[in-house]
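Here's the letter readout for the chains.
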Amino acid sequence: MKKFIFYAPIAAFFALAILLWRGLYLDPTELPSVLIDKPMPTFAMATLEGEPVGNADLPDSIFLLNVWGSYCLPCLVEHPTFMRLSEEGEIPVVGVNYRDRKPLALDWLDLNGDPFAYSILDEDGRFGIDLGVYGAPETFLVDSEGVIRYRHVGVLEENVWREVFLPAIAELRGVPAAPASR
Amino acid sequence: MIPELGQFSLILAFCLSILLGVMPLAGAASGNRLWMSMGRPLSAGLFVFLGICLFILGHAFVTDDFSVRVVAAQSNTLLPMQYKVTALWGGHEGSFLLWTFMLSGWILAVGMFSKSMPVEFVARVLGVLGLLSASYILFMLATSNPFDRMVPVPPADGADLNSALQDIGFIMHPPTLYMGYVGYSVVFAFAIAALLSGRLDAAWARWSRPWANVAWAILTIGIALGSWWAYYELGWGGWWAWDPVENPPLITWLFGTALIHSLAVTEKRRVFKSWTVLLAILAFAGSLLGTFITRSGLLTSVHAFASDPSRGVFILAILGVFVGGALLLYAIRAPLIKSEFGFGSLSREIFLLANNVILVVAAASVFLGTLFPMFYQALTGDLISIGPPYFNIIFVPLMILLVIFLGIGPISRWKKTSGTYLQQQLGKVAAASVLLGVALPLIVLLDISIPATIAVALAVWIVLGIGRDLLAKTANKPSRLQGLRSLTYGYYGMQGAHFGVAVMLVGVALTSYFSSERSILLQTGDTVELGKYEFQFAGSERLAGPNYNANRATVLVTRDGDAVADLYPELRVYLASGTPSTEMAIDPSLWRDLLVIPGEIRDNGAWTMTVYVKPFVRWIWLGAIIMALSATIAATDRRYRKLARVRKQAEDKAGEEVGQGDLQPVPGGGA
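Residues numbered from 1 in each chain as written. Chains lettered and ligands numbered in written order. Predicted model: local features only at pLDDT ≥ 70, side-chain atom pairs only at ≥ 80, totals over all residues. Heavy atoms only, no water.

1. Describing the overall build of chain A
The criterion, for reference: Secondary structure elements are defined from DSSP: runs of H or I of at least 4 residues count as helices, runs of E of at least 2 residues count as strands, and each element is numbered from the N terminus. The buried label applies to any residue whose accessible area, calculated with a 1.4 Å probe on protein chains only, is under 20% of its type's maximum; exposed applies above 50%, and partly exposed to all values in between. All accessibility values rest on the Shrake-Rupley procedure with a 1.4 Å probe; residue burial counts only the protein chains present in the view. Lys and Arg are tallied as positive, Asp and Glu as negative. Neither His nor the chain termini are counted. Charge placement uses NZ in Lys and CZ in Arg. For Asp and Glu, CG and CD serve respectively.
For chain A, the count of helices and strands is five helices and seven strands. Across chain A, helices and strands are ordered from the amino to the carboxyl terminus as α-β-β-β-α-β-α-β-α-β-β-α. By principal-axis analysis of the C-alpha atoms, chain A measures approximately 70 × 40 × 30 Å. Classification of the 182 residues of chain A by burial places 52% in the buried group. In the structure as shown, chain A presents an accessible area of about 8,700 Å², 59% of it carried by carbon and sulfur atoms. One way to put it: in chain A the 14 positive side-chain charges average out to a point 14 Å from where the 26 negative ones average out.

In structure tokens:
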């Protein structure tokens, strides 16, 4: 039945066209995360300073995981929030330096200040793929068990912190077992 | 009143394109020569009326007629004149009009340069292209009318052209890219005409080849211009980002590259026929898909025009009718095609088949990587992102493999090549490539890196292979010069394009692995050292541009105390929109680019700046230019102009060895 081979292209094309049509009605800016209420992916990476880092090195308390890059202008906008959080000791912040060049990332922290306990070096973006990152900046709220509870895409300014993150954290601390609302 | 004239001529163009889509095709089906002969005059009319549309829209931009919606959205009274003109294609509606106008230009060219082809065939080609333009114009009239008015009260001034688009790169990149994209419609129409007539022979391949070459050349330049523009205007000094909208042109280009090679085999050896037709359809599908992705808001990207599903559905319908219809026709007709010649397991056919398989796999992987996040969301509702690691992991090994075959292909023979012959021809070339691959980066850059070594070795492999082949092809002539002159344009085009690949390869590898950069806060007088260069921040000044205010820094670059360049990066604020923009400064040269990208100005007057040294980055675009020029040279091979005679000769002598005369088919010509 060699003849049917020639129908393969059109079959593939129509399958594709249906997916494309479905895709039209999706909003790519609406970003649920694949990983909500799932544990952090297992990783063994290095920090920007070159120290090895893995899941065991994550903070034991609730913490923020902030995806940033020196090329990312919005990261500069949310930067003061993270500086304040880290200076006032409100919550530990772990950085993920995403798809950046290492010397530029170190320079960026020198220039603007370093709010991170440490930054996981993700030069080629593979850890970002595991996390389902769409682009910097993004911030994940991770609970003390290492389970991802909330994901914020875009700039995290003070009002977002107050209106979104503080209630979510309160809920996590109040009823640790209940899943956080999206 | 004038914009309404534009609207009117757009409607007239629509009527003409319908006639063009119906009459010649009906004529070809019924054997009515009068109907068939209507193709050329109708295509001229279509060209004229779309030209009038474009002129009228341009007039609205130039005269600041803000009652026209697209002018109000994309232009501004303060905009310099050249950008008022180019603002025409700064948005969806105007750029689609330009796209359609270019299609009519291609149609006109097909009508003019097809005198030696059978009337029926030309009629079918023009008919298919007429249907395609009818669907494009209908799309404009239904969803994206460029002549829409702002009623009742037009704004006093326009919203301004996106500042990143106010640039020479934007003047050139979209028209060139569209021109290349649209060129594949012609190749597609040739394929459909051949399928319709049921005569899918070597003649069809020969007629298609110059068009496929020219479309490929223009697309190559279009993509290179986009890459160059991103490099210096978008401010991150990158030349390729695997952006979802950068990828479709690349997919089209990969299919197009496979196509020009496959057409060579089909013409010379009359094999791979159904495969070649499929490639022509796929290359066209890639170009439509690119339009679809950019204009439907399907994927988020820096390039995306405003999102609107109704447009997306319309383009998807066009895609469905033309590509779906073509594939259906293919499924019905392809099984009837017979390949006429067999070939050995070691032959030029096999190497070109390898080329095709690799290029198609590469195109398919880029396609999957681009759309996978969307598919994933469509199927699961979740969102993920696929970044450069995916593309690099798949793309780089494929290209390495491709280049290895690229070295062997031109030197191998049709039908059957002996292994010992290849070994004898290429053994020393291979050894020298490895040696120079290690040595050259060490000598030139005093640095070593395994990827760079591989890339340089591969480039040397290509270049020495070309030299070896030239020696072999001229060996039996009375003198080398005479030998060189007896080789055809097609042959030189092929080898030139391959040389362009080598140049680009060196650029890509060396700039990726040996670039260095620093970000730093500089007070006036401070210096930063990078490699052998010293960048000194000598001060800054305010200045007023035509439609922006700027802070301009002066950065003096020295090397060992000798002045190299004075660079003037700027931070601008555009007056009309209030958007800030960074203008990096570049000192370009063949061996390295020096870049200064301004960051921000601190309260104390210090600037943050990022400085880069990027070795060999110009070679990337130089390689693209060489490829495009070579393809153009191949397309002007004289045997395409003496079609009737050549066709006869090719049929008599198919399979014969290397060109002894200008009019005979030459193995590898233009491949």
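Okay, back to it.
2. Observations regarding the pairing of strand E3 (residues 533-544) of chain B
Successive residues of a regular strand alternate their side chains across the two faces of the sheet. All names here are of chain B. Note the following rule: Strand pairing is assigned whenever DSSP identifies at least 2 bridges connecting the two strands.
Bridge count for strand E2 (residues 527-530) against E3 is four bridges, and the pairing is antiparallel. When the bridges of E3 are listed, Val528 appears paired with Phe535. Two successive antiparallel strands, E2 and E3, enclose a turn made up of two residues, where Gly531 displays a positive phi of approximately 60°.

3. A few points about the confidence of the model for chain B
All names here are of chain B. What counts, and what does not: Think of pLDDT as the predictor's per-residue confidence, scored from 0 to 100. Contact between two residues is taken to exist if any of their heavy atoms lie within 4.5 Å; hydrogens are not considered.
Mean pLDDT over chain B works out to 86, with 92% of the residues at or above the 70 mark. For the stretch residues 654-671, pLDDT sits under 50, and the model shows 47 contacts to residues farther than four places along the chain or on other chains. Both scores are available for the predicted complex, with the pTM at 0.86 and the ipTM at 0.79.

4. Points about the state of the cysteines
The criterion, for reference: Disulfide assignment relies on a single distance test, namely cysteine sulfur atoms paired within 2.5 Å.
One pass over the structure, following the stated rule, counts one disulfide over all chains. At a sulfur-sulfur separation of 2.1 Å, the disulfide partner of Cys72 of chain A is Cys75 of chain A. Judged by the sign of its S-S torsion, about 90°, the cystine formed by Cys72 of chain A and Cys75 of chain A is right-handed. Accessibility classification places Cys72 of chain A together with Cys75 of chain A in one group, the buried group. Between Cys15 of chain B, a cysteine without a disulfide, and Cys53 of chain B, which holds the nearest cysteine sulfur, the sulfur-to-sulfur distance is 12 Å. By relative accessible area, Cys53 of chain B is classed as buried at 0%.

5. Some thoughts on the sheet that holds strand E6 (residues 138-142) of chain A
Either a parallel or an antiparallel arrangement is found when strands of a sheet pair, and the pairing is made through backbone hydrogen bonds. Residue and element names in this part refer to chain A. Put simply, the rule reads: Axes here mean lines fitted to C-alpha atoms, for a helix over just the part in contact, with angles spanning 0 to 180 degrees between N-to-C directions.
Within the open sheet, the five strands sit side by side as E5-E4-E3-E6-E7. Their pairing is mixed. Of all strands in the sheet, those with a lone pairing partner are strand E5 (119-122) and strand E7 (148-153), marking the two edges. For this sheet the average axis-to-axis angle between neighbouring strands, irrespective of direction, equals 20°. When strand E4 (residues 93-98) meets E5, the two strands line up parallel, connected through four bridges.

6. Describing the interface of chain A and chain B
What counts here: Buried area is calculated as the accessible area (1.4 Å probe) missing from two parts once they are joined, with the contributions of both summed. Any carboxyl oxygen of Asp or Glu within 4 Å of a side-chain nitrogen of Lys or Arg constitutes a salt bridge here. Pairing of N or O atoms within 3.5 Å defines a polar contact, subject to two protein rules: one partner must be a possible hydrogen donor and the other a possible acceptor, and residues neighboring in sequence count only if both atoms are side-chain atoms. Each residue gets one label: Ala, Val, Leu, Ile, Met, Phe, Trp, Tyr, Cys and Pro are nonpolar, Asp, Glu, Lys and Arg are charged, and the others, such as Gly, are polar.
Tallying the contact residues gives 41 residues for chain A and 52 residues for chain B. With both sides pooled, the region where chain A packs onto chain B buries about 3,900 Å², and carbon together with sulfur makes up 70% of that total. Contact with chain B buries surface across chain A, with Phe6, Leu20 and Leu24 of chain A losing the most and accounting together for 17% of the total. Across the contact surface, chain A and chain B share two salt bridges. Glu517 of chain B is the salt-bridge partner of Arg101 of chain A, the closest N and O atoms lying 3.0 Å from each other. Applying the counting criterion to the chain A and chain B interface returns five residue pairs in polar contact (both at pLDDT 80 or more). Broken down by secondary-structure element, the contributors of at least two residues to the side of chain A that touches chain B are helix H1 (8-24), helix H3 (102-112) and helix H4 (126-131) of chain A. Among the elements that line the side of chain A that touches chain B, the one with the most residues is H1 of chain A, at 12 residues. Tallied by class, residues from the side of chain A that touches chain B come to 26 nonpolar, six polar and nine charged.

7. Quick word on empty space enclosed by the protein
A probe matching the size of a water molecule, rolled over the atoms, marks out where space remains unfilled. Residue and element names in this part refer to chain B. The criterion, for reference: The method works on a 1 Å grid over the protein atoms by themselves. A cavity is a set of points holding a 1.4 Å probe that cannot get out, a pocket is an open set with protein on both sides within 12 Å along at least five of seven lines, and residues with an atom within 4 Å of a point line them. Grid points are joined across faces, edges and corners, and a volume is the space filled by probe spheres set on the points.
For the structure shown, the criterion picks out three cavities of 30 Å³ or more. Of the pockets and cavities examined, the second largest cavity occupies roughly 60 Å³. In this structure, the second largest cavity is lined by Leu406, Gly407, Pro410, Ile411, Ile462, Gly465, Ile466, Asp469, Gln495 and His498. Broken down by secondary-structure element, the contributors of at least two residues to the lining of the second largest cavity are helix H14 (388-408), helix H16 (450-474) and helix H18 (489-514). When residues of the lining of the second largest cavity are assigned to their parent elements, the largest contribution, four residues, is made by H16. Classifying every residue of the lining of the second largest cavity by side-chain character gives five nonpolar, four polar and one charged.

8. Quick word on a negative patch on the surface
Our working rule: Like charges are joined within 9 Å and nonpolar side chains (Val, Leu, Ile, Met, Phe, Trp, Tyr) within 5 Å, but only among residues with over 30% relative accessible area and no salt bridge; these make up the patches.
Side chains of Glu49, Glu51, Asp110 and Asp114 of chain A sit close together on the surface and give a patch of like negative charge. Looking at the element boundaries, Glu49 of chain A is found in the loop between strand E1 (44-46) and strand E2 (52-54).

9. Here's the deal with the pairing of strand E7 (residues 580-583) of chain B
All names here are of chain B. Burial along E7 is one-sided: Ser581 and Glu583 are buried, while Pro580 and Thr582, pointing the other way, are not. In this structure, strand E6 (residues 570-574) lies alongside E7, joined through four bridges in antiparallel fashion. Across the sheet, residue Glu570 finds its bridge partner in E7, namely Glu583.

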